[in-house]
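Understanding the architecture of this molecule
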Amino acid sequence: MKTETLEALLIDRALGALSPEVAELLENYLIQNSDAAQQANILASTVQLARTAAAGPNASTSPLPPLERVRKALTVQRRQAFAWQLSKLAACMLLGLTIGLVSRFGGNPAGGPNASAAMVRSLATNDAANAVGNRNGFWSLANFTPGKSEHATASVRLDSRYRLRWDSPVKMPHLEGNL
Amino acid sequence: MDDHDSLEQLYCEAAPALLAYFRHQPALAGAAEDLLQDTFVRALKHRYRLDTAVSRRAYLFGIARHVGLDALRRVKPDGETAELQSIPEARPDERLESMHVAIAGLPPLHRETLLLKLQQDLSYEEIAEVLDIPVGTVRSRLHHAILRLRQVLNPPITYEN
């Protein structure tokens, strides 16, 4: 056995860190090797002396402080944590309320005329989308406006004299009336 | 088991060793009870980690170590933090006195590791968890420390195999 290996094993033995199997093998080795046994004794006594020197003056037998102190500190800590959670919740609710109010009344508390204007804008956008669809080869209402180019805009209107006839979704619709 | 019983049991199991750990350190001995309380409060703040720790004892010692280091930093902002572990006052016995001096002369990290083993009887794995280092490093530090102590107290011996 190498000196370093033996030394490491002997230190582990002195510190009580060997598994039972290894310890048994090592004991058998030490019985047969007196020099190693002597070294083992020196290391064991060194560790024992160090253990004695390191031991405190009855530190482990002194009375424990009451657990109430820990409980009290924990209670305070929990209250603080709860207050913090509560403040976060309140902040979230306040933020939600603010966003809700702004989106509901944002800039014009009356709301009514604003909604109508939005609807008109939406319709115009739809017409423009139809025109774009037409350019791409898809059918759209704008395609059937007499006298207008395929680049129809939001100002496109169907005349009330004409009637749109669309028999089947797979066929192109056509206008009836005096064209 | 409810929270109250669990806390009570944990305190009974771990508090004596933790209190001794603080009292073994002259710089912290005076505030040992407060530091013990801080350790438990800090540990219970992250209850899940404590409950799922491989070794609750090692986990608590790890927290105690940090609590001690924080306390030392408050006392000595520029002080050497590795001086956390110290040995009790010298004894009249000559050999014991020599050992005391030899332990005090060890490199701080080796001394801390050795005292965790000798004073708290933690396993290598537990010490590794407390110090947040690999088990191999713990073993290496302990071996160096013991060999150094042997060298100081005993003349070198050569093997014949």
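Residues numbered from 1 in each chain as written. Chains lettered and ligands numbered in written order. Predicted model: local features only at pLDDT ≥ 70, side-chain atom pairs only at ≥ 80, totals over all residues.

Points about the overall build of chain A
Tallying secondary structure elements over chain A gives 5 helices and 2 strands in all. Secondary structure elements in chain A, listed N-terminal to C-terminal, are α-α-α-α-α-β-β. Burial analysis of chain A (179 residues in total) assigns 13% to the buried set. (Helix = DSSP H or I, 4+ residues; strand = E, 2+ residues; numbered from the N terminus. Buried ≥ 20, exposed ≤ 12 C-beta atoms within 10 Å, placed from the backbone.)

Examining the nonpolar core
Within the largest apolar cluster, 55 residues are counted, with the highest numbers of intra-cluster contacts made by Ala50 of chain A together with Leu18, Phe22, Leu36, Leu60 and Ile103 of chain B. Beyond its immediate stretch of four places on either side in the chain, Leu18 of chain B contacts Leu36, Thr39, Leu60 and Ala64 of chain B. (Core = buried A, V, L, I, M, F, W, Y, C linked by C-beta atoms within 7 Å. Contact = placed C-beta atoms within 7 Å.)

Some details on the interface of chain B and chain A
Taken together, the 39 residues of chain B in the interface contact 35 residues of chain A. Counting residues per element, the ones that place at least two in the side of chain B that touches chain A are helix H1 (3-23), helix H3 (32-45), helix H6 (94-104), helix H7 (108-120) and helix H9 (135-153) of chain B. In terms of residue count, H1 of chain B provides more of the side of chain B that touches chain A than any other element does, 8 residues in total.

Some points on helix H4 (residues 67-105) of chain A
Between the first and last C-alpha of H4 of chain A there are 57 Å, a value that for 39 residues agrees with the 57 Å anticipated at 1.5 Å per step. Burial of H4 of chain A is sparse: only 1 of the 39 residues sit out of reach of the surface. (Expected span 1.5 Å × (residues − 1).)

Digging into the confidence of the model for chain A
All names here are of chain A. Looking at chain A as a whole, its pLDDT mean stands at 75, while 64% of the residues score no less than 70. Per-element averaging of pLDDT across chain A places helix H5 (residues 112-135) at the bottom with 57 and helix H2 (residues 20-32) at the top with 91. Counting contacts from residues 149-156, a segment whose pLDDT is below 50, to residues more than four positions away or on other chains yields 16 contacts. (pLDDT = per-residue confidence, 0-100.)

Topic: the packing of H7 of chain B against H9 of chain B
Residues and elements named next belong to chain B. Their axes nearest at 9 Å, the elements H7 and H9 cross at an angle of 95°. By the angle between their directions, the pair H7 and H9 is classed as roughly perpendicular. Residues Leu109, His110, Arg111, Thr113, Leu114 and Lys117 of H7 touch H9, and the partners they reach there are Val138, Arg141, Leu142, His144 and Ala145. (Axes fitted to C-alpha atoms, helices over the stretch in contact; angles between N-to-C directions. Parallel < 35°, antiparallel > 145°, perpendicular 65-115°, else oblique.)

Here's the deal with unusual backbone geometry
All names here are of chain B. Of note, the phi angle at Asp121 is positive, near 55°, even though the residue is not glycine. Mapped onto the elements of the fold, Asp121 is located in the loop between H7 and helix H8 (124-131). Phi at Asp132 takes a positive value of approximately 60°, unusual for a residue other than glycine. Counting through the fold element by element, Asp132 comes out in the loop between H8 and H9.

With respect to the environment of Pro134 of chain B
Within the secondary structure layout, Pro134 of chain B lies in the loop between H8 and H9. Taking the C-alpha atoms as reference points, Pro134 of chain B and Tyr124 of chain B, separated by 10 residues in sequence, lie 9.3 Å from one another.

A look at the environment of Ser123 of chain B
Residues and elements named next belong to chain B. Relative to the helices and strands, Ser123 resides in the loop between H7 and H8. Residue class for Ser123 comes out partly exposed when judged on the 17 C-beta atoms lying within 10 Å of it. In the structure, Ser123 is positioned 15 residues away from Val138 in sequence and 9.8 Å away in space, judged by C-alpha atoms.

Side note on the packing of helix H3 (residues 34-54) of chain A against H9 of chain B
Relative orientation of the contacting elements H3 of chain A and H9 of chain B amounts to 100°, with a least axis distance of 10 Å. Between H3 of chain A and H9 of chain B, the angle is such that the two are roughly perpendicular. For the pair H3 of chain A and H9 of chain B, the contacting residues are Ile42, Leu43, Thr46, Val47 and Ala50 of chain A in the first and Ile146, Leu149, Arg150 and Leu153 of chain B in the second. Among the residues forming the contact of H3 of chain A with H9 of chain B, the class breakdown is 7 nonpolar, 1 polar and 1 charged. (Nonpolar A, V, L, I, M, F, W, Y, C, P; charged D, E, K, R; others polar.)

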